[in-house]
Amino acid sequence: GVELGENISELDMVRTNGVGMPSLLKGNFTVGSERGCKLFLNPTNELYIKIETDDKTYYLSGVDDKETKAVYEEIKSAS
């Protein structure tokens, strides 16, 4: 499933490997109690897209919230 999250700062994220910089979180993370999530986030944004597959959960965001929302709308309209 795909959902639009509204507050990146409320995600309980722990990096297991990858990059953690002020404007980029990329790699494998534990989010809450879910291990092995793939993140591609700009943590300065508020909005994010969460995509759950049978194998993994992905968290994505665009350059800004406007782009994140536009990508989410495209995904939703295509499914």
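Residues numbered from 1 in each chain as written. Predicted model: local features only at pLDDT ≥ 70, side-chain atom pairs only at ≥ 80, totals over all residues. Heavy atoms only, no water.

**Student:** In this structure, what is going on with the sheet that holds strand β3 (residues 24–31)? I would like to understand it.
**Tutor:** Note: strands within a sheet are paired through backbone hydrogen bonds, in either parallel or antiparallel orientation. If you walk across this open sheet you meet the six strands as β1-β5-β6-β4-β3-β2, and the pairing is mixed. The sheet is open, and its two edges are formed by β1 (2–5) and β2 (13–21), each paired on a single side. Each strand of the sheet is rotated relative to its neighbour by a mean of 20°, with strand direction disregarded. Bridge count between strand β5 (residues 48–52) and strand β6 (residues 57–60): four bridges; the pairing is antiparallel. Residue pairing for β6: E52 is matched across the bridge by T57. (Pairing = 2+ DSSP bridges. Helix = DSSP H or I, 4+ residues; strand = E, 2+ residues; numbered from the N terminus. Axes fitted to C-alpha atoms, helices over the stretch in contact; angles between N-to-C directions.)

**Student:** In this structure, what is going on with the packing of aromatic side chains? I would like to understand it.
**Tutor:** Centre distance and the angle of the planes are the two values used to describe a pair of aromatic rings. Under the counting rule described, the total for this entry stands at one aromatic pair. Considering the side-chain rings of Y48 and Y59, the 5.8 Å spacing of their centres and the 45° angle between planes classify their relative orientation as tilted. Taken as a pair, Y48 in strand β5 and Y59 in strand β6 lie far apart in primary sequence, 11 residues in all. Judged by its relative accessible area of 3%, Y59 falls in the buried class. (Phe/Tyr/Trp six-rings, centres within 6.5 Å; stacked < 30°, edge-to-face > 60°. Buried < 20%, exposed > 50% of the residue type's maximum accessible area, 1.4 Å probe, protein only.)

**Student:** Would you mind going over the nonpolar core with me for this structure?
**Tutor:** If you look at the biggest cluster of nonpolar residues, it comprises 10 residues: I8, L11, L25, F29, V31, C37, L39, L41, Y48 and Y59. Those elements giving two or more residues to this core turn out to be β3 and β4 (34–41). (Core = buried A, V, L, I, M, F, W, Y, C linked by side-chain atoms within 4.5 Å.)

**Student:** What is the right way to look at the confidence of the model for the chain in this model?
**Tutor:** For residues with low pLDDT, the predicted coordinates do not support detailed interpretation. Residue-level pLDDT values for the chain average 96, and 100% of them are 70 or greater. Mean pLDDT across the elements of the chain bottoms out in β2 (94) and peaks in β6 (98). (pLDDT = per-residue confidence, 0-100.)

**Student:** I would appreciate a short explanation of the environment of E46 in the present structure.
**Tutor:** Among the structural elements, E46 can be located in the loop between β4 and β5. A relative accessible area of 38% means that E46 is categorised as partly exposed. Distance from E46 to R35, taken between C-alpha atoms, is 22 Å for residues 11 residues apart in sequence. Contact partners of E46, with chain neighbours within four places excluded, come to G5, E6, N7, I8 and D65. (Contact = heavy atoms within 4.5 Å.)

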